[in-house]
Amino acid sequence: MPELSHHAQQLRAVADALEAQSDPPADPLAPHIDTLSITKVRHTSRGQINYAVPDDLQIQRRVRRYHANYGVQHGDIVALALDAFLRAKGYPPDLNAAKTDAT
């Protein structure tokens, strides 16, 4: 019978790596380090988004209040919130493509 201990060790290492990746982050709404580095640069290229949101959610009012309380610019609040949501749903940005498009 062949010796399987080496394969068992490799499978255990793969299982450990997958388990480590599956652990949810401590705070799923915490801004990603890449996102923070991009939003902190005031001279970064910015694009306008325009989506109608339900008035009952009071998004504009809540963004203004957050800005007043914490001093985070309106566009950065929206960028941080949308980025956190999309990353959590499995849609991270391709930052390498963005750098290539900029050159």
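Structural data are supplied above this passage.
Residues numbered from 1 in each chain as written. Predicted model: local features only at pLDDT ≥ 70, side-chain atom pairs only at ≥ 80, totals over all residues. Heavy atoms only, no water.

Engineer: Go over the packing of aromatic side chains with me, naming the residues and quoting the values.
Structural biologist: Inspection of the entire model under this criterion finds 1 aromatic pair. Both rings, one in Y66 and one in Y70, keep their centres 4.6 Å apart while their planes meet at 35 degrees; by these two values the pair is tilted. On the criterion of helical spacing, the pair formed by Y66 and Y70 is a turn pair, its members being 4 residues apart in helix α3 (residues 59-70). What makes Y66 partly exposed here is its relative accessible area of 38%. Note on Y70: relative accessible area 58%, which makes it exposed. (Phe/Tyr/Trp six-rings, centres within 6.5 Å; stacked < 30°, edge-to-face > 60°. Helix = DSSP H or I, 4+ residues; strand = E, 2+ residues; numbered from the N terminus. Buried < 20%, exposed > 50% of the residue type's maximum accessible area, 1.4 Å probe, protein only.)

Engineer: I'd love a proper account of helix α4 (residues 74-88), names of residues and values included.
Structural biologist: Compared with an ideal rise of 1.5 Å per residue, which puts 15 residues at 21 Å, α4 spans 21 Å between its outermost C-alpha atoms and is within 8% of the ideal. The set of residues buried in α4 consists of D76, I77, L80, D83 and A84. Down the axis of α4, the buried set is contained in an arc of 140 degrees. They therefore lie on one face. Elements in contact with the buried residues of α4: α2 (33-39) and α3. Downstream of α4 by one or two residues, G90 has phi in the positive range, about 95 degrees. (Expected span 1.5 Å × (residues − 1). Arc of directions from axis to C-beta. Contact = heavy atoms within 4.5 Å.)

Engineer: An account of the pattern of salt bridges is requested, with residue identities and associated values reported.
Structural biologist: Oppositely charged side chains are able to pair whenever their charged atoms sit close together. Under the definition given, this model contains 3 salt bridges. Its salt-bridge partner being D76, residue R42 comes within 2.8 Å of it at the nearest N-O pair. Residue R42 is found in the loop between α2 and α3, and its partner D76 is found in helix α4; the two are separated by 34 residues along the sequence. Residue R42 is classed as partly exposed on the basis of its relative accessible area of 47%. Under the relative-accessibility criterion, D76 is labelled buried at 6%. (Salt bridge = Lys/Arg side-chain N within 4 Å of Asp/Glu carboxyl O.)

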